[in-house]
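Residues per chain are reported as follows:
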Amino acid sequence: MMIFTRGKNSGQVLRHSSGQALLITIMLLAVALTVILAMSYTSKTDTQLSKLEEENQQALAAAEAGIDALVNKPSGNSIVIKDLDASLGNFSGSAQKSAVQKIDFASPLIQSNNHYMLYLSSYPGFGSPYNGDVTLYYSTKSSCTDASADALEITVISGTSYPYTITRYLSDGGNRIISGATEYESAGSYSVDGAGFTCKTKAILISSATNPKIMIARSIFNPTRIGFEGLTPLSAQGTIITSEAKTPSGVSKKIQLFQSYPQIPADFFTTSF
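Residues numbered from 1 in each chain as written. Predicted model: local features only at pLDDT ≥ 70, side-chain atom pairs only at ≥ 80, totals over all residues. Heavy atoms only, no water.

Draft legend 1. Up close: the state of the cysteines. A full pass over the atoms with the stated rule returns one disulfide. In this model C144 forms its disulfide with C199; the gap between the sulfur atoms is 2.0 Å. Residues C144 and C199 are joined through a disulfide that is left-handed, its torsion about the S-S bond being -100°. Placement of C144 in the loop between β5 (134–138) and β6 (152–158) and of C199 in strand β9 (residues 195–201) is noted, with a sequence separation of 55 residues between them. In this structure, C144 and C199 share a single accessibility class: buried. (Disulfide = S-S within 2.5 Å. Helix = DSSP H or I, 4+ residues; strand = E, 2+ residues; numbered from the N terminus. Buried < 20%, exposed > 50% of the residue type's maximum accessible area, 1.4 Å probe, protein only.)

This is how it looks when you write it as structure tokens:
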């Protein structure tokens, strides 16, 4: 015959097991709650990011609409974003157009044998001629004087009526072109209108010309930007349109567009040395 007895610690064992089960249940609930909260936070964040991206695109589209409106506007130098379309009624911001007139100016990248035309008087009437000298900067090569150095051909057109006076200059530190005296001055590290250059010309004496109209700078060998620097602010070279649009929730986009004045073909004014 088997006799079962109940030990004096059996109650303590049962209470201990119950405590473990409660602890495990609490931990499982905590893990489940954490997972639910994490999923909820992720979902909320994704929704906010999607909405932010959507508003970014809306603000960008509204700012671009402001640019387009001023580009095509025959008169006036400003426009209010919300006036462009009924769908933009809750948007704020505006687009402004202003002339680009400063002491230095850098052209876009000019391909080999192409040119950039710098206005030396006001467009379109060609009045108020610039009365100062202009220094040109070009190339980003380490040397301005070796056999592979870049070079510029510079043409200044001046005068009050036809036939106009055409004066040509050459900046060729590498002496790659036999004909013509060079206006090349020095090599260094130069910054003009935010663009970097390594080659510099002497000051082109615009002040000695009568009623200067335009300067045509042609890159002879390689693509390069061209920097122009005056002693006083140069004539206006175009207009810049700045457009900023803000959504009702505060998302803002700002863009700028530079419009150069017409770049007249220089085929009749430039020649190869």
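The structure having been displayed, the exposition proceeds.
Draft legend 2. Representation of the sheet that holds strand β10 (residues 212–219). Strand order in this open sheet of four strands is β4-β10-β6-β7, and the pairing throughout is antiparallel. Each edge of the open sheet is held by one strand with a lone partner, namely β4 (115–119) and β7 (165–171). Sheet twist, expressed as the mean angle between neighbouring strand axes with direction ignored, is 20°. Inspection of the sheet shows β6 paired to β7 by seven bridges, in the antiparallel sense. Bridging from a neighbouring strand, L152 pairs with S171 of β7. (Pairing = 2+ DSSP bridges. Axes fitted to C-alpha atoms, helices over the stretch in contact; angles between N-to-C directions.)

Draft legend 3. Inspection of the sheet that holds strand β8 (residues 184–192) at higher detail. Pairing is antiparallel in the open sheet, where five strands are placed in the order β3-β11-β5-β9-β8. Among the strands making up the open sheet, the edge pair consists of β3 (104–106) and β8. Between one strand axis and the next, the sheet turns by 25° as a mean value, whatever way the strands run. Judged from the five bridges that link them, β5 and strand β11 (residues 226–230) form a sheet pairing that is antiparallel. In the sheet register, T135 faces β11, and the bridge partner there is E229.

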